[in-house]
Amino acid sequence: MAKTATVKEALSKWEEKTKEKASEAKEIKLYGQIPPIEKMDPSLATLSCCEKLSLSTNCIEKITNLNGLKNLKILSLSRNNIKNLTGLEAVGDTLEELWISYNLIDKLKGVSSMQKLKVLYMSNNLVKDWAEFVRLADLSSLLELVFLGNPLQEKQSTDGNWLDEASKRLPNLRKLDGIPIIKEPVDD
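What counts, and where the lines are drawn
- Residues numbered from 1 in each chain as written.
- Predicted model: local features only at pLDDT ≥ 70, side-chain atom pairs only at ≥ 80, totals over all residues.
- Heavy atoms only, no water.
- UniProt positions renumbered as here; feature names shortened; annotations may be inferred.
- Helix = DSSP H or I, 4+ residues; strand = E, 2+ residues; numbered from the N terminus.
- Buried < 20%, exposed > 50% of the residue type's maximum accessible area, 1.4 Å probe, protein only.
- Contact = heavy atoms within 4.5 Å.
- Salt bridge = Lys/Arg side-chain N within 4 Å of Asp/Glu carboxyl O.
- 1 Å grid on protein atoms, 1.4 Å probe; cavity = no way out; pocket = protein on both sides within 12 Å on 5 of 7 lines; lining within 4 Å.
- Points joined across faces, edges and corners; volume = space filled by probe spheres on them.
- Nonpolar A, V, L, I, M, F, W, Y, C, P; charged D, E, K, R; others polar.
- Pairing = 2+ DSSP bridges.
- Phe/Tyr/Trp six-rings, centres within 6.5 Å; stacked < 30°, edge-to-face > 60°.
- Lys NZ or Arg CZ within 6 Å of the ring centre and 35° of its normal.
- Arc of directions from axis to C-beta.

Going by the annotation in an unreviewed UniProt entry, the name recorded for the chain is Dynein axonemal light chain 1, with Fundulus heteroclitus given as the source organism. Regarding the chain, the relevant UniProt record gives this comment under Subcellular location (unreviewed entry): "Cytoplasm, Cytoskeleton, Cilium axoneme". Heading Sequence similarities (unreviewed entry) of the UniProt record for the chain holds this comment: "Belongs to the dynein light chain LC1-type family."

As a further point, take the overall build of the chain. Within the chain, the regular secondary structure consists of four helices and eight strands. Reading the secondary structure of the chain in the N-to-C direction produces α-β-β-β-β-β-α-β-α-α-β-β. When its C-alpha atoms are laid out on the principal axes, the chain stretches across 60 × 40 × 25 Å. Among the 188 residues that make up the chain, the fraction classed as buried is 43%. Taking the intrachain contacts of the chain between residues at least 6 apart in sequence as the baseline, contacts between residues at least 24 apart amount to 41%.

Quick look at the pattern of salt bridges now. This model, assessed by the stated rule, comprises six salt bridges. K26 is paired through a salt bridge with E51; the nearest N and O atoms lie 3.5 Å apart. Taken together, the positions of K26 in the loop between α1 (7-18) and β1 (27-29) and E51 in the loop between β1 and β2 (52-54) put the pair 25 residues apart, joining distant regions of the chain. E165 is the salt-bridge partner of K168, the closest N and O atoms lying 3.5 Å from each other.

Rolled over the atoms, a probe with the dimensions of a water molecule shows which regions are left empty. Looking at the largest pocket, its volume works out to about 200 Å³. Contributing to the lining of the largest pocket are A10, K13, W14, K17, T18, K29, L30, Y31, G32, Q33 and I34. The greatest single-element share of the lining of the largest pocket, amounting to five residues, is contributed by α1. Looking at the lining of the largest pocket residue by residue, the class counts come to five nonpolar, three polar and three charged.

Let's shift gears to the sheet that holds strand β7 (residues 175-176). The strand order across the open sheet built from eight strands is β1-β2-β3-β4-β5-β6-β7-β8, with neighbouring strands paired in mixed fashion. What marks the edges here is a single partner per strand, and that holds for β1 and β8 (179-180). Examined bridge by bridge, strand β3 (residues 74-76) and strand β4 (residues 97-99) share three bridges and lie parallel to one another. Along β4, the bridge assignment pairs L75 with L98.

So, on to the side chain of S43. Along the chain, S43 turns up in the loop between β1 and β2. On the accessibility criterion, S43 (15% relative accessible area) is buried. Non-local contacts of S43, meaning those with residues more than four positions away in its chain, are made with V7, K8 and L11.

This paragraph deals with the packing of aromatic side chains. Using the criterion set out here, one finds six aromatic pairs in the structure. Residues W130 and W162 carry aromatic rings whose centres are separated by 5.7 Å and whose planes lie at 25 degrees to one another, so their mutual orientation is stacked. One end of the pair, W130, is in helix α2 (residues 130-133); the other, W162, is in helix α4 (residues 162-169), and 32 residues separate them in sequence. Each member of the pair W130 and W162 is classed as buried. Three or more aromatic residues joined by ring pairs form one cluster here, namely W130, F133, F147 and W162. Over the ring of W130 we find R169, and its NZ or CZ is 4.0 Å from the ring centre.

Here the focus is helix α3 (residues 151-159). Burial in α3 covers these residues: L152, Q153 and Q156. Looking straight down α3, one finds its buried side chains confined to an arc of 90 degrees; they lie on one side. Two residues or fewer after α3 comes G160, characterised by a positive phi angle close to 90 degrees.

What follows is the structure in structure tokens.
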């Protein structure tokens, strides 16, 4: 098996390169590590000042160890091997944007813990039915969603009613798949 990197090793390289202390940084980019990061290890807990964390394009399978990230607003985990959204509860009170496209997610269980989430980019995952999509309705703060490339979106787009159906199910949404949603005023 090929060698993988730990978050601790990647943070050490990042500090060396940027001449910053990871524990004091507001933005940390650990995307596309060579060798790739496989696990979100406990060293993430040292990133208490971090507001924006990118771990995209690695080999991460599970979201873990986010407890110490009390100021995290933007989390990028795209292009990994993540199968579900559990583990995000630790940042549910602060997370405003989640970028998790090109993973293996088929269920949206755990999404309701992110009550401040405004932007969700989760294109090219494996969500295939409305029952899962409806879980997003619990997120009253969600304003922008990118869902392209999920089996549900592809099937509904073929039928021609994707935008209408999705926007009905998520009434607060302002933008879906890059398209602004314009709602007709409702007469009383």
